[in-house]
Amino acid sequence: MIRVLCLIGGLTGAAGLSQFPEFSQQYLQRLAGQVDELTRQVVEFDQTALADGMGREEMLQAMAATPLVASQEVLWRRTFARHARLSENLLILREATPLERLTLPHRMADTATVQAVWRDFTPAMPLSVAGAASAGTGFLGGWAVLAALIGFVALPFRRRASVKTTAPKRKPPVMKSDPPVSRPTLVADAQPNRPRLAGVQR
């Protein structure tokens, strides 16, 4: 029964992770679109700052000092940080092979992009080498995870069984033996010096 459950876990992991190459490819396309849009916004901001004779940081400080647009300063800083992070991730993912992307899930952790990809994602047959490698990895991972989970759940029962087998056995009660029966003393033995009668054999 345990092997059947582990097999089911392995097949589930294989089916899930085999879709990773296709998902990562669609994520890469979406990520490129996100970076293009953020780049456009960043360029427009920098051009506006230059038109006013300021750099980016000077423009941000001026916005923070102006109550009317102070809230926009925080939003723009978040935009710049996200643009830098996603641009770096896009560059690394583009240079990586489909197999190498299996080791780069942290580069595909942008929540908005993941949600957008997941809404339109359609599972595909893993016919590539990366798909087969992902399926194999998923099978081993699913098997190992479910086996570890079953082992953890069964641990208390194993401990109880081991306690029962190692418990000291009680010694059987000692039966008291009856005292030895003494042979009755014959009268003849009790009076060894009694004179014998003539002609009587003992």
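Above this text sits the structure in question.
Since we're looking at a predicted model, the values are computed, not measured.

Asks: Please provide a residue-by-residue account of the overall build of the protein chain, values included.
Replies: Counting its regular elements, the protein chain contains seven helices and zero strands. Counting from the amino terminus, helix and strand elements in the protein chain follow one another as α-α-α-α-α-α-α. For the protein chain, the residues scored as buried account for 24% of the 202 residues in total. The long-range fraction of contacts in the protein chain, counting pairs at least 24 apart against all pairs at least 6 apart in sequence, stands at 73%.

Asks: Run through the packing of aromatic side chains, naming residues and quoting values.
Replies: Applying the stated criterion to the full structure yields four aromatic pairs. When the centroid spacing of 4.6 Å and the interplanar angle of 40° are considered together, the rings of Phe 45 and Trp 76 count as tilted. Note that Phe 45 is positioned in helix α2 (residues 20-51) and Trp 76 in helix α4 (residues 70-95), a separation of 31 residues in sequence. Judged by its relative accessible area of 6%, Phe 45 falls in the buried class. Ring-pair connections join several aromatic residues into one group, and the members of that group are Phe 45, Trp 76 and Phe 80. The residue whose ring lies beneath Arg 56 is Phe 80, and the NZ or CZ to ring-centre distance is 4.3 Å.

Asks: Please provide a residue-by-residue account of the nonpolar core, values included.
Replies: Soluble globular proteins tend to pack their nonpolar side chains together in the buried interior. Of all hydrophobic cores here, the largest spans 16 residues; its most connected members are Tyr 27, Leu 31, Val 35, Leu 86, Leu 90, Leu 93 and Met 108. When residues of this core are traced back to their parent elements, those giving at least two are α2 and α4. No other element matches α2, which puts eight residues into this core. When residues no more than four places from it in sequence are discounted, the contact partners of Tyr 27 are Leu 93, Arg 107, Met 108, Ala 109, Asp 110, Thr 113, Val 114 and Val 117.

Asks: Just give me the short version of the environment of Ala 109, but keep the residues and values in it.
Replies: Here Ala 109 shows up in the loop between α4 and α5 (111-120). Residues Ala 109 and Tyr 27, spaced 82 residues apart in sequence, show a C-alpha to C-alpha distance of 9.9 Å.

Asks: Tell me about the pattern of salt bridges, and please be specific about residues and values.
Replies: One pass over the structure, following the stated rule, counts nine salt bridges. Linking Arg 56 and Asp 46 is a salt bridge whose minimum nitrogen-to-oxygen distance equals 2.8 Å. Separated by 10 residues along the polypeptide, Arg 56 in helix α3 (residues 56-65) and Asp 46 in helix α2 bring together distant segments of the chain. A salt bridge links Arg 82 to Asp 110; the shortest N-O distance between them is 2.9 Å. Residue Arg 82 is found in helix α4, and its partner Asp 110 is found in the loop between α4 and α5; the two are separated by 28 residues along the sequence. Under the relative-accessibility criterion, Asp 110 is labelled buried at 10%. Salt bridges here are not isolated pairs; linked through shared partners, they connect Glu 37, Arg 40 and Glu 44.

Asks: Any details on the packing of α3 against α4? Residues and values, ideally.
Replies: Where α3 meets α4, the axes come as close as 7 Å, and the angle between the chain directions of the two elements is 150°. Of α4, the residues touching α3 (which contributes Arg 56, Glu 57, Leu 60, Met 63 and Ala 64) are Ala 70, Gln 72, Glu 73, Trp 76, Arg 77 and Phe 80.

Asks: Explain α3 to me, and be specific about the residues and the numbers.
Replies: Buried residues of α3: Met 59, Leu 60 and Met 63, and no others. Angular distribution of buried residues about the axis of α3 spans 100°; they occupy a single face of the element. Buried-residue contacts for α3 involve α2 and α4.

The rules behind each value
Residues numbered from 1 in each chain as written. Predicted model: local features only at pLDDT ≥ 70, side-chain atom pairs only at ≥ 80, totals over all residues. Heavy atoms only, no water. Helix = DSSP H or I, 4+ residues; strand = E, 2+ residues; numbered from the N terminus. Buried < 20%, exposed > 50% of the residue type's maximum accessible area, 1.4 Å probe, protein only. Contact = heavy atoms within 4.5 Å. Phe/Tyr/Trp six-rings, centres within 6.5 Å; stacked < 30°, edge-to-face > 60°. Lys NZ or Arg CZ within 6 Å of the ring centre and 35° of its normal. Core = buried A, V, L, I, M, F, W, Y, C linked by side-chain atoms within 4.5 Å. Salt bridge = Lys/Arg side-chain N within 4 Å of Asp/Glu carboxyl O. Axes fitted to C-alpha atoms, helices over the stretch in contact; angles between N-to-C directions. Arc of directions from axis to C-beta.

In short, shape yes, function no, at least from these values alone.
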